[in-house]
Amino acid sequence: MAESSHPWSLGGALRGMFAKKTIDDETWDDLEDALISADFGPDVTDSVVTELRASVDLFRTTDPADLKRMLRETLEERLARLDPTLTLSARPAVVLVVGVNGVGKTTTIGKFAKFLANHGRSVVVGAADTFRAAAVEQLATWAERGGAQIVKPQQQGQDPASVAFQTVERAQRDGIDIVLIDTAGRLQTKSGLMDELAKIRRVIEKQAEIAEVLLVLDATTGQNGLAQAEAFIEHAGVTGLVLTKLDGSAKGGFVLAVQERTGIPIKLVGQGEGIGDLTGFTPHVFVQNLVG
Ligand code: GDP
């Protein structure tokens, strides 16, 4: 794919730097600016720049092309420190999907169902965000697009844990491979929401192991979005991150910042509103697109 097609590519910001003949003080300032504006955050920017300065000294190079290669290697090595593999071997493999409203949770569940169907797995979706009737209907539309069955609440406001229970029960009865549970994302009632998630977990764990708890984050909100999601990280037992809207974000650096700050691996990446726009996370490909 062409560099220019990635809004989060650092290509433009780095072009001037790498067009020079030699690495100088301005190079380091430019690199720092480029990383900060791509939302790597001050801590990751500092440590990346420090590491690169040390490498440049160690190899006694002044060639910007070497620096570019080192930047690619450093970012890739850092991103690959956490394992992005989804653990879905249990039958059924139960996946809880959590996150603040509007981040792309429903869309992600639909895309993920399709992604799993493409890999030969059958899926049932549980609509455990039971207070918003519109959310249930939206999820039903996405489940259908993704080729998944759905278990809906019998009435609005039904206990979300009971919907989760019925969904796992359906999977066990019908031999369905994967259970995806959609959950509420009302931040206004943070402690209520965390209690609700804890109850869903307790009820499911009586029936089956929870394979993954995926936290969906909107990449366009960058570090602010992460602050909003901290309650989930503290209380919901998150095992993996899904970054959505990377297609619409100039904040590619958020990808590394979020992994280093949370210590939780990115497992899936959403790059569009279509059913096929969800992929696994591959540090090598990501860094190629980011750095060029
Ligand atoms: P929820 O409230 O978390 O369930 O969010 P939705 O799934 O309803 O998504 C909110 C909006 O984000 C919708 O307009 C989606 O089409 C959009 N969206 C979700 N994922 C992506 C993505 O990867 N890229 C883009 N561009 N838009 C997305």
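Each value, and the rule that gives it
Residues numbered from 1 in each chain as written. Predicted model: local features only at pLDDT ≥ 70, side-chain atom pairs only at ≥ 80, totals over all residues. Heavy atoms only, no water. Axes fitted to C-alpha atoms, helices over the stretch in contact; angles between N-to-C directions. Helix = DSSP H or I, 4+ residues; strand = E, 2+ residues; numbered from the N terminus. Parallel < 35°, antiparallel > 145°, perpendicular 65-115°, else oblique. Left-handed = near helix turned anticlockwise from the far one by under 90°. Contact = heavy atoms within 4.5 Å. Near = heavy atom within 4 Å. Polar contact = N/O pair within 3.5 Å; in protein donor to acceptor, adjacent residues only side chain to side chain. Areas by Shrake-Rupley, 256 points an atom, 1.4 Å probe, with all protein chains shown as cover. Nonpolar A, V, L, I, M, F, W, Y, C, P; charged D, E, K, R; others polar. Phe/Tyr/Trp six-rings, centres within 6.5 Å; stacked < 30°, edge-to-face > 60°. Buried < 20%, exposed > 50% of the residue type's maximum accessible area, 1.4 Å probe, protein only. Lys NZ or Arg CZ within 6 Å of the ring centre and 35° of its normal. Domains from an automatic or database assignment. Buried area = accessible area lost by both parts, 1.4 Å probe. Salt bridge = Lys/Arg side-chain N within 4 Å of Asp/Glu carboxyl O. Patch = residues over 30% accessible without salt bridge, like charges linked within 9 Å, V, L, I, M, F, W, Y side chains within 5 Å. Lys, Arg positive; Asp, Glu negative; His and termini not counted. Charge placed at Lys NZ, Arg CZ, Asp CG, Glu CD. Pairing = 2+ DSSP bridges.

Peer 1: Sorry, what's going on with the packing of helix 9 (residues 222-235) against helix 10 (residues 254-262) here?
Peer 2: Two packed helices can be described by the angle between their axes and the distance between those axes. Where helix 9 meets helix 10, the closest approach of the two axes is 11 Å, and the angle between their N-to-C directions is 30°. With respect to helix 10, the element helix 9 is oriented roughly parallel. Relative to helix 10, helix 9 is oriented so that their crossing is right-handed. Residues Gly222, Gln223, Leu226, Glu230 and Ile233 of helix 9 form the contact with helix 10, whose own contacting residues are Phe254, Ala257, Val258, Arg261 and Thr262.

Peer 1: Would you explain the environment of arginine 201 in this entry?
Peer 2: Its location among the elements puts arginine 201 in helix 8 (residues 190-207). Through-space distance from the C-alpha of arginine 201 to that of threonine 141 is 25 Å; in sequence the pair is 60 residues apart. Residues contacting arginine 201, with those up to four places away along its chain left out, are Leu96, Ile210, Val213, Ala236 and Gly237.

Peer 1: What should I look at first to understand the site of the ligand in this one?
Peer 2: Within the structure, the ligand sits among 17 residues, and Gly102, Lys105, Thr106, Thr107 and Glu273 are positioned closest to it. Contact between the ligand and glycine 270: an oxygen atom at 3.3 Å from a main-chain N or O atom of the residue. For the ligand, whose free accessible area comes to 580 Å², the fraction covered by protein is 79%. By residue class, the composition of the shell around the ligand is two nonpolar, ten polar and five charged.

Peer 1: Help me out: how do you make sense of the packing of helix 1 (residues 11-19) against helix 4 (residues 64-79) in this one?
Peer 2: Close contact between helix 1 and helix 4 brings their axes to 8 Å; oriented N to C, the two are set at 140°. Here helix 1 contributes Leu14, Met17 and Phe18 to the contact with helix 4, which in turn contributes Pro64, Leu67, Lys68 and Leu71. Tallied by class, the residues present in the contact of helix 1 with helix 4 amount to six nonpolar, no polar and one charged.

Peer 1: Before we go on, may I ask you to explain the packing of aromatic side chains in this structure?
Peer 2: Geometry of an aromatic ring pair is reported as the spacing of the ring centres plus the angle between the planes. Counted by the stated rule, this structure contains two aromatic pairs. The interplanar angle of 45° and the centroid separation of 6.0 Å between the aromatic rings of phenylalanine 112 and phenylalanine 115 together place this pair among those described as tilted. You can see phenylalanine 112 and its partner phenylalanine 115 sitting in helix 5 (residues 105-118), three residues apart, about one turn around the helix. The exposure class assigned to phenylalanine 112 is buried, which follows from its relative accessible area of 2%. Each ring, one from phenylalanine 281 and one from phenylalanine 286, has its centre 5.7 Å from the other, and the planes form 55°; the classification is tilted. Overall, the relative accessible area of 8% leaves phenylalanine 281 in the buried class. Against the face of tryptophan 142 rests arginine 145, its NZ or CZ located 4.3 Å from the ring centre.

Peer 1: Any chance you could explain the domain arrangement of the protein chain here in plain terms?
Peer 2: One frequent convention defines the size of an interface as the accessible area lost when the parts assemble. In terms of domains, the protein chain is made up of domain 1 (10-79) and domain 2 (93-291). Computed from C-alpha coordinates alone, the two centres of domain 1 and domain 2 are separated by 34 Å. Counting residues at the interface gives 17 residues for domain 1, matched by 20 residues for domain 2. Each partner contributes to the roughly 1,600 Å² buried at the junction of domain 1 and domain 2, and carbon and sulfur atoms together form 64% of this total. When the buried surface of domain 1 facing domain 2 is broken down by residue, Asp39, Glu76 and Leu79 rank first, second and third, together holding 43% of it. Where domain 1 meets domain 2, there are one salt bridge. Here arginine 78 ties to glutamate 260 by a salt bridge, and the two come within 3.0 Å at their closest N and O atoms. Counting across the interface, domain 1 meets domain 2 through six residue pairs in polar contact (both at pLDDT 80 or more). Secondary structure elements with two or more residues in the side of domain 1 that touches domain 2: helix 1, helix 3 (42-58) and helix 4.

Peer 1: How should a negative patch on the surface be read in this particular structure?
Peer 2: Together, Asp25, Asp29, Glu32, Asp33, Asp43 and Asp46 make up a region of like negative charge exposed at the surface. Elements that contribute at least two residues to the negative patch include exactly helix 2 (25-37) and helix 3. Sort the elements by how many residues they give to the negative patch and helix 2 lands first, with four residues.

Peer 1: Whenever I open this one, the pairing of strand 4 (residues 178-182) confuses me. Can you help?
Peer 2: Consecutive side chains along a regular strand alternate between the two faces of the sheet. Across the five residues that make up strand 4, a large majority, five, are buried. Judged by which residues are buried, strand 4 turns out to be covered on both faces: Ile178, Leu180 and Asp182 on one side and Val179 and Ile181 on the other are all buried. In this sheet, strand 4 lies alongside strand 1 (residues 93-98) in parallel orientation, the contact comprising five bridges. The residue bridging valine 97 from the neighbouring strand is aspartate 182, located in strand 4. Of the pairings in the sheet, the one linking strand 2 (residues 123-127) to strand 4 comprises five bridges and is parallel in character. Within strand 4, the position partnered with glycine 126 by the bridge is isoleucine 181.

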